[in-house]
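Each chain is listed here by its residues.
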Amino acid sequence: MVNSYKVAPDIEVLTSNFPIPGYGLVPINAFVIKGSEPILVDTGAVLDRERFMPALRSVIDPADLRWIWLTHTDFDHTGSLHQLLAENPQLRVITTFLGMGIMSLAAPLPLDRIRLVNPGQTITVGNRTLTAVKPPAFDNPCTTGFYDEKSGVFFSSDCFGALLQAVPQSAADLSDTDLLDGQVLWATVDSPWLHTVNRDAFARQLDGIRKMAPKMVLSSHLPAAPGHMTERLLASLAAAPTAQPFVGPDQAALEQMLAGMTGASR
Ligand SMILES: [Fe+2]
Ligand SMILES: [Fe+2]
């Protein structure tokens, strides 16, 4: 199921929940930014392809889109990318050289429809100015989020994601514990390198987001978070480097799980 909800007059969220047995739900979000040159930020999960397109059509005619901002090339972000490019010849993809390169290993992007933007660089898209930002936590080296000057929204890609037991439409509806625990677990799963990072350097990265003072933080894997939550989001992330490192279930646990499933189906 892919649902949609509006978080600003001109910004819609397209979302589905991906269950991870034993851990909870990961929201998977893409975003539509309306304006003189509408932008789709990421394109849903490969698994959700059939369900993503009707949800997208419910908020905008895909023929009206002019840009896809591909925050990175993971399977939960590239689902409908090629279908959209095939359907709409006016669509162009904003990515990095590395993003373009990674896509070329599986499903190359048409080179004449790519716009390369590096972190720190700015692109004008119709009536919007977007500044590319490397978020403080990420799971793919081509990751590029961005700050939209018009709305004051920071699109942070996988950064600030959380594993949750239930997914509200606003992160403000999560308890302090659910937000902190969910974010820290996600950060240890998605960015395990945080445990080895230089703490001062990481604090400076977090400070960069603090200085941005976004009016809203939109993560690919967290419900929409109003700007007043930024300090809490940063505090959760600051706790990740010293948190318990994530170790996934091992073969014995998998066999136990499979035996349980077989038993349940008898
Ligand atoms: Fe990712
Ligand atoms: Fe992701």
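Shown above is the structure to which this text applies.
To start, this report covers the structure provided alongside it. Not measured: the values here are computed from a predicted model. (Residues numbered from 1 in each chain as written. Chains lettered and ligands numbered in written order. Predicted model: local features only at pLDDT ≥ 70, side-chain atom pairs only at ≥ 80, totals over all residues. Heavy atoms only, no water.)

**A look at the sheet that holds strand β1 (residues 3-8)**
Across the sheet, which stays open at both edges, the 7 strands sit in the order β1-β2-β3-β4-β5-β6-β7 with mixed pairing between neighbours. Two strands bound the open sheet, and with one partner strand each, they are β1 and β7 (114-116). Along the sheet, successive strands turn relative to each other by an average axial angle of 25 degrees, direction set aside. Taken together, the 5 bridges between β1 and strand β2 (residues 11-20) define a ladder with antiparallel strand orientation. Note that in β2 the partner of serine 4 across the bridge is leucine 14. Seen against the sheet, helix α1 (residues 49-59) touches β1, β2, β3 (24-33) and β4 (39-41) and runs at an angle of roughly 155 degrees to β2. (Pairing = 2+ DSSP bridges. Helix = DSSP H or I, 4+ residues; strand = E, 2+ residues; numbered from the N terminus. Axes fitted to C-alpha atoms, helices over the stretch in contact; angles between N-to-C directions. Contact = heavy atoms within 4.5 Å.)

**Overview of the coordination of the iron ion (ligand 2)**
Here the iron ion (ligand 2) is held by the protein donor atoms Asp76 (OD), His77 (NE2), Asp158 (OD) and His221 (NE2), which lie 2.1 to 2.3 Å from it. Classification of the site at the iron ion (ligand 2) rests on its 4 donor atoms, whose angles at the metal span 84 to 168 degrees, yielding the label irregular. When the donor residues of the iron ion (ligand 2) are listed from N- to C-terminus, their spacing reads D-H-x80-D-x62-H. Taken as an interatomic distance, the gap from the iron ion (ligand 2) to the iron ion (ligand 1) is 3.3 Å; aspartate 158 donates to each of them. In terms of burial, aspartate 76 and histidine 77 fall into one category: buried. (Donors = N, O, S within 2.8 Å, 3.2 Å for Na, K, Ca; no water. Tetrahedral: all angles 85-135°; square planar, octahedral: opposite > 155°, others 65-115°. Buried < 20%, exposed > 50% of the residue type's maximum accessible area, 1.4 Å probe, protein only.)

**Things to note about the sheet that holds strand β9 (residues 128-133)**
Across the sheet, which stays open at both edges, the 6 strands sit in the order β8-β9-β10-β11-β12-β13 with mixed pairing between neighbours. What marks the edges here is a single partner per strand, and that holds for β8 (122-125) and β13 (225-226). Pairing between β8 and β9: 4 bridges, direction antiparallel. If you follow threonine 124 over to β9, its bridge partner there is threonine 129.

**Considering a nonpolar patch on the surface**
Together, Leu254, Met257, Leu258 and Met261 make up an exposed nonpolar region whose accessible area comes to about 370 Å². Topologically, leucine 258 is positioned in helix α7 (residues 251-265). (Patch = residues over 30% accessible without salt bridge, like charges linked within 9 Å, V, L, I, M, F, W, Y side chains within 5 Å. Areas by Shrake-Rupley, 256 points an atom, 1.4 Å probe, with all protein chains shown as cover. Salt bridge = Lys/Arg side-chain N within 4 Å of Asp/Glu carboxyl O.)

**Remarks on the packing of aromatic side chains**
Throughout the structure, instances matching the rule amount to 5 aromatic pairs. On the numbers, 5.6 Å between centres and 70 degrees between planes, the contact of tyrosine 23 with phenylalanine 246 is edge-to-face. With tyrosine 23 in the loop between β2 and β3 and phenylalanine 246 in the loop between α6 (230-239) and α7, this residue pair connects regions lying 223 residues apart in the sequence. The partly exposed category is assigned to tyrosine 23, whose relative accessible area is 27%. For phenylalanine 246, a relative accessible area of 33% gives the class partly exposed. Look at phenylalanine 31 and phenylalanine 155: their rings are 5.5 Å apart centre to centre, the planes differ by 70 degrees, and that puts the pair in the edge-to-face class. Pair noted here: phenylalanine 31 is in strand β3 and phenylalanine 155 is in strand β11 (residues 153-155), with a separation of 124 residues, a long-range link. Residue phenylalanine 31 shares its accessibility class with phenylalanine 155, and that shared class is buried. (Phe/Tyr/Trp six-rings, centres within 6.5 Å; stacked < 30°, edge-to-face > 60°.)

**Some remarks on the layout of surface pockets**
Here the idea is plain: a probe the size of a water molecule rolls over the atoms and shows the empty space left. By volume, the largest pocket amounts to about 390 Å³. If you go around the largest pocket, you meet 24 residues; those closest to its centre are Phe18, Ile20, Val26, Ile28 and Trp186. With 4 residues, the single largest contributor to the lining of the largest pocket is β2. Residues belonging to the lining of the largest pocket are distributed by class as follows: 14 nonpolar, 3 polar and 7 charged. (1 Å grid on protein atoms, 1.4 Å probe; cavity = no way out; pocket = protein on both sides within 12 Å on 5 of 7 lines; lining within 4 Å. Points joined across faces, edges and corners; volume = space filled by probe spheres on them. Nonpolar A, V, L, I, M, F, W, Y, C, P; charged D, E, K, R; others polar.)

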